[in-house]
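These are the residues of each chain, in order.
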Amino acid sequence: MNISLAQAEKLIAVAKEKAIAIDTKMNIAVVDAGANLVAFVRMDGAWLGSLDISIKKAKTARFFDMNTGVVGSLSQPGGSLYNIEHSNGGLITFPGGVPIKNAAGDIIGAIGVSGSSVENDHTVAESGALAI
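Since this is a predicted model, take the numbers as computed values, not measurements.

A. Focus on helix 2 (residues 50-64). Given a rise of 1.5 Å per residue, 15 residues ought to cover 21 Å, and the 21 Å separating the end C-alpha atoms of helix 2 matches this to within 8%. Within helix 2, burial applies to Ser 50, Ser 54, Ile 55, Lys 57, Ala 58, Thr 60, Ala 61 and Arg 62. Where the residues of helix 2 are buried, they touch strand 1 (27-32), strand 2 (37-42), helix 3 (68-74), strand 3 (97-101), strand 4 (107-114) and helix 4 (118-129). Immediately beyond the C-terminal end of helix 2, within one or two residues, lies Asp 65, with a positive phi of roughly 50 degrees.

B. Geometry of the pairing of strand 2. Bridge analysis of strand 1 against strand 2 gives 5 bridges, and the strand direction is antiparallel. Within the sheet, the bridge partner assigned to Val 30 lies in strand 2 and is Ala 39. Here strand 1 folds back onto strand 2, and the loop between the two strands holds 4 residues, one of which, Ala 35, carries a positive phi near 70 degrees.

C. Structural context of the pattern of salt bridges. Across all of its chains, the model carries 3 salt bridges by this definition. Note that Lys 57 is salt-bridged to Asp 121, the shortest N-O span being 2.9 Å. One end of the pair, Lys 57, is in helix 2; the other, Asp 121, is in helix 4, with 64 residues separating them in the sequence. An identical accessibility class is assigned to Lys 57 and Asp 121; each is buried.

D. Spatial organisation of the pairing of strand 1. Burial within strand 1 is extensive, with 6 of its 6 residues counted as buried. Here strand 1 shows no split at all, with Asn 27, Ala 29 and Val 31 on one side and Ile 28, Val 30 and Asp 32 on the other all buried. Across 6 bridges, strand 1 lies against strand 4 in antiparallel orientation. In the strand pairing of strand 4, Val 30 is matched with Ile 111.

E. Broad picture of the packing of helix 1 (residues 5-21) against helix 4. One can describe the packing of helix 1 onto helix 4 by two numbers: an axis separation of 8 Å at closest approach and a directional angle of 145 degrees. Of the two possible hands of crossing, helix 1 and helix 4 adopt the one that is right-handed. Residues Leu 11, Val 14, Ala 15, Lys 18 and Ala 19 of helix 1 lie in contact with helix 4, whose contacting residues are Thr 123, Val 124, Ser 127 and Gly 128. Residues of the contact of helix 1 with helix 4, tallied by class, amount to 5 nonpolar, 3 polar and 1 charged.

Rules behind the numbers
- Residues numbered from 1 in each chain as written.
- Predicted model: local features only at pLDDT ≥ 70, side-chain atom pairs only at ≥ 80, totals over all residues.
- Heavy atoms only, no water.
- Helix = DSSP H or I, 4+ residues; strand = E, 2+ residues; numbered from the N terminus.
- Expected span 1.5 Å × (residues − 1).
- Buried < 20%, exposed > 50% of the residue type's maximum accessible area, 1.4 Å probe, protein only.
- Contact = heavy atoms within 4.5 Å.
- Pairing = 2+ DSSP bridges.
- Salt bridge = Lys/Arg side-chain N within 4 Å of Asp/Glu carboxyl O.
- Axes fitted to C-alpha atoms, helices over the stretch in contact; angles between N-to-C directions.
- Left-handed = near helix turned anticlockwise from the far one by under 90°.
- Nonpolar A, V, L, I, M, F, W, Y, C, P; charged D, E, K, R; others polar.

Below, the structure written as structure tokens:
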């Protein structure tokens, strides 16, 4: 089960609307169930450095099927996933990556958002993920 391009574009549109509503500029990436990039948008004026971060957040959320903030909490010193951010070509372990589920609850991809505070990144990503 994979997210379609049409679904990915819808998620990006919803996430972009949320970013506008909270007055921030974001990079928004959507990956499929295999963690392959399906769709991406960089809002006008969004940080260039956040482009790669948004894609890695989406991939991290899909690789581990959990929000990237949860991966981050598990990867702290003494945590069960300590140093995991060095695997898979580099992971992002702070909020802004959210798995995407279909109506049956199957994970079909993930969304990653970067460009503001991690709280705003997560809010925007979550709004997109829930739009499926």
